[in-house]
Amino acid sequence: MSDRAEDELEQALLQVQTLIESTVAIHRDRSVQEQRITVIDGGYRTVLRQARELIHGATRSIDIVHARMPDAQEEPGGGEGAERQLIYDAADTVTVRLLSSPALVDEDFVREQLGMERPVAIRIARVPPLQALMVDGAAALVVAESAVGRRASMIRAPELLHTLSTLFENVWRDAVPAGERIVFGNRDRSALARQILAALWAGVTDEVAARDLAVSVRTYRRHVAEIMALLGANSRFQAGVRAAELGLLPPAAPPGGRPGTRP
């Protein structure tokens, strides 16, 4: 995803959070039946219980954003395994899409879906910390950070649901299907490939990158060619962009930096 797309995503999430806060304030004095946004009090198990009810009631679609790691204060048993199990409770006729950040991809779940008759569609994108469950375009459960810490909200406000849906579709369109991730081989080869990708992303010359990696320029260029082929890239720049989209760049490799160095 491009820097501009990421900026737009950040802005959209901020708008969602602002709308949640303002709508909660507006409707605070209304009865529960009339509220379009309900703050969910209690621990993470309460959030999971609400998610289960939404999933059980789904008739057409379930869209999930999984890009926020539960913090240490959230109750045990409320992690990825529990969330994954909830998806299996959906009716067979419901289409399920899961958008995950690279760091939170559940490899076991991806493998499970390979043999399913109606697999969950899983895509990967760099998404700011957020958990969201959207059902039938009629309700959404959102867990995000706010000024007062973690806030979980049940949303039925049409304007917010539209914003969330548009946000999801925009990110989903450019996200990478989980099955298209690149596998470089064993751990050592993967580490080397990521260092080379960092060099490509930073625009480091072959001679400098080869010296930093303690290989010959010829060997370095052979590795570059192999990586470009795996990524389906026609140029080194395209390989670097593709690697960034797939979340393959090491966290210690900022644009303009050197492979293997830290900011």
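Provided above is the structure to which this section pertains.
This report concerns the structure included in the present document. All residue numbers here refer to positions counted from 1 along the written sequence of the relevant chain. For a predicted model such as this one, the threshold for reporting local features is a pLDDT of at least 70, and the threshold for listing and counting side-chain atom pairs is 80 or more; totals across whole chains, interfaces and linings nevertheless cover every residue. Side-chain numbers here rest on the full set of heavy atoms in the structure, without hydrogens or water.

## Topic: the pattern of salt bridges
Next, step 1: For salt bridges, the criterion is a side-chain nitrogen of Lys or Arg within 4 Å of an Asp or Glu carboxyl oxygen. Scanning the entire structure with this criterion turns up six salt bridges.
Next, step 2: Between aspartate 206 and arginine 221 there is a salt bridge, with the nearest N and O atoms lying 2.8 Å from each other. With aspartate 206 in helix 7 (residues 206-213) and arginine 221 in helix 8 (residues 217-231), the pair connects residues that are 15 residues apart, well separated along the chain.
Next, step 3: On the accessibility criterion, arginine 221 (41% relative accessible area) is partly exposed. Labels follow the DSSP assignment, with helices taken as runs of H or I lasting at least four residues and strands as runs of E lasting at least two, numbered in each case from the N terminus. The buried label applies to any residue whose accessible area, calculated with a 1.4 Å probe on protein chains only, is under 20% of its type's maximum; exposed applies above 50%, and partly exposed to all values in between.

## Remarks on the packing of helix 7 against helix 8
Next, step 1: Two elements in contact, helix 7 and helix 8, have axes separated by 9 Å at closest approach and are oriented at 100 degrees. Classified by the interaxial angle, the pair formed by helix 7 and helix 8 is roughly perpendicular. Contacts between helix 7 and helix 8 pair Asp206, Glu207, Ala209, Ala210 and Leu213 from the former with Val217, Tyr220 and Arg221 from the latter.
Next, step 2: Polarity classes work like this: nonpolar for Ala, Val, Leu, Ile, Met, Phe, Trp, Tyr, Cys and Pro, charged for Asp, Glu, Lys and Arg, and polar for all others, with Gly in that last group. Taken together, the residues of the contact of helix 7 with helix 8 sort by class into five nonpolar, no polar and three charged. For helices, the fitted axis covers only the stretch in contact; all axes are lines through C-alpha atoms, and the angles between them, taken along N-to-C directions, range from 0 to 180 degrees. Working rule for angles: under 35 degrees goes down as roughly parallel, over 145 as roughly antiparallel, 65 to 115 as roughly perpendicular, anything else as oblique. Residues are treated as being in contact if the distance between any of their heavy atoms lies within 4.5 Å.

## A word on the pairing of strand 2 (residues 61-66)
Next, step 1: Burial within strand 2 is extensive, with five of its six residues counted as buried.
Next, step 2: Pairing between strand 2 and strand 3 (residues 95-100): six bridges, direction parallel. Paired with serine 61 across the two strands is threonine 95, which belongs to strand 3.
Next, step 3: Any two strands between which DSSP finds at least two bridges are classified as paired. Inspection of the sheet shows strand 2 paired to strand 5 (residues 131-135) by five bridges, in the antiparallel sense. Along strand 5, the bridge assignment pairs isoleucine 64 with leucine 133.

## Observations concerning helix 5 (residues 158-174)
Next, step 1: The end-to-end C-alpha separation of helix 5 is 25 Å, in line with the 24 Å expected for 17 residues at 1.5 Å each.
Next, step 2: Those residues of helix 5 not exposed but buried are Leu160, Leu161, Leu164, Leu167, Phe168, Val171 and Trp172. Seen along its axis, helix 5 keeps its buried residues to an arc of 130 degrees; they face one direction. Of the exposed residues in helix 5, the ones pointing more than 90 degrees away from its buried face are Pro158, His162 and Arg173. To estimate the expected span of a helix, count its residues, drop one, and scale the result by 1.5 Å. Throughout, the arc means the angular range of directions from the helix axis out to the C-beta atoms.

## Structural notes on the environment of arginine 97
Next, step 1: Residue placement: arginine 97 occurs in strand 3.
Next, step 2: As a C-alpha pair, arginine 97 and isoleucine 64 span 33 residues in sequence and 6.2 Å in three-dimensional space.
Next, step 3: Ignoring sequence-local partners within four residues, the contact set of arginine 97 consists of Ile62, Asp63, Ile64, Val120, Ala121, Phe168, Glu169 and Trp172.

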